[in-house]
Amino acid sequence: LAALEIDTVRVAPNMNSQEVASILFGYATLFILQDVDQPSIYAVVWNLVCGLEVRDFNREQLGMLFHVHLMHQFFGSLRSATVKYPQWLMTEARDTWMHNVQNNNTVSRSHRQLASVFESLGVQQKVECVTADGYFSMDIYLPEHDVA
């Protein structure tokens, strides 16, 4: 991990928007899976994001950045890092994320089959049920049991 941080420090000043979004997503994923604290470079890369404008990112990158923000909020290992977010993260990036949650869901054949099994067993289910905060869509939700 030390080598990764050293290389990130070296290339960070020249990263484009795709690279910044990808490195943040990669760091967040890695440190959630490893359950270790974020390195100081994590906050430095977020500072680079703050120096960019929302128009510097495409919709996918905005979604990635908001996803990293959610990961930071929900997982303890990321909370150790103090991060400054750009103002547009909680507006344009959030709206992009929520638009994808609402409109870009594909119900697979296996999910339809599983929902059908639940229905045949008399178990109430909802397919692609959006959470109350609008941040996630659950593939199959069993409301009587509050289980996804």
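Conventions adopted
Residues numbered from 1 in each chain as written. Predicted model: local features only at pLDDT ≥ 70, side-chain atom pairs only at ≥ 80, totals over all residues. Heavy atoms only, no water. Phe/Tyr/Trp six-rings, centres within 6.5 Å; stacked < 30°, edge-to-face > 60°. Helix = DSSP H or I, 4+ residues; strand = E, 2+ residues; numbered from the N terminus. Buried < 20%, exposed > 50% of the residue type's maximum accessible area, 1.4 Å probe, protein only. Axes fitted to C-alpha atoms, helices over the stretch in contact; angles between N-to-C directions. Parallel < 35°, antiparallel > 145°, perpendicular 65-115°, else oblique. Left-handed = near helix turned anticlockwise from the far one by under 90°. Contact = heavy atoms within 4.5 Å. Nonpolar A, V, L, I, M, F, W, Y, C, P; charged D, E, K, R; others polar. pLDDT = per-residue confidence, 0-100. Expected span 1.5 Å × (residues − 1). Arc of directions from axis to C-beta. Pairing = 2+ DSSP bridges.

**Student:** Any chance you could explain the packing of aromatic side chains here in plain terms?
**Tutor:** Each aromatic ring pair is specified by the distance between its two centres and by the angle formed by the two planes. This model, assessed by the stated rule, comprises seven aromatic pairs. Measuring from centroid to centroid gives 5.7 Å for Y27 and F31, while their planes differ by 25 degrees, and the two rings are stacked. With Y27 and F31 both in helix α2 (residues 17-34) and four residues apart, this pair spans about one turn of that helix. For the pair formed by Y27 and F31, the shared burial category is buried.

**Student:** What exactly am I supposed to notice about the packing of helix α1 (residues 2-11) against α2 here?
**Tutor:** Two packed helices can be described by the angle between their axes and the distance between those axes. Two numbers describe how α1 lies on α2: the axes approach to 13 Å, and their chain directions differ by 165 degrees. Considering their axes alone, α1 and α2 lie roughly antiparallel with respect to each other. Here the hand of the crossing between α1 and α2 comes out left-handed. Contact with α1, carried on its side by L4, E5 and T8, involves I23, Y27 and L30 of α2 and no other residues of that element. Partitioned by chemical class, the residues of the contact of α1 with α2 number four nonpolar, one polar and one charged.

**Student:** I'm lost on the confidence of the model for the chain in this one. Help?
**Tutor:** Detailed reading of predicted coordinates is not advised where the pLDDT is low. The predicted model of the chain has a mean per-residue pLDDT of 89, with 95% of residues at 70 or higher. Mean pLDDT in the chain bottoms out at helix α5 (residues 76-79), which sits at 56, and peaks at helix α6 (residues 92-103), which reaches 96.

**Student:** So what exactly am I meant to see when it comes to α6 here?
**Tutor:** The periodicity of an α-helix, 3.6 residues per turn, causes residues three or four positions apart to be oriented the same way. Taking 1.5 Å per residue, 12 residues should reach 16 Å; α6 reaches 16 Å between its end C-alpha atoms and fits that length. All of the buried residues in α6 are A93, T96, W97 and V101. Along the axis of α6, the buried positions cluster into a sector of 135 degrees, meaning they face one direction only. Where α6 is buried, its residues touch α4 (59-74), β1 (126-130) and β2 (137-141).

**Student:** Honestly, the pairing of β2 in this entry has me stumped. Any pointers?
**Tutor:** Every other side chain in a regular strand lies on the same face of the sheet, so the side chains alternate between the two faces. With four of five residues buried, β2 lies mostly within the body of the structure. Judged from the four bridges that link them, β1 and β2 form a sheet pairing that is antiparallel. Paired with C129 across the bridge in β2 is M138.

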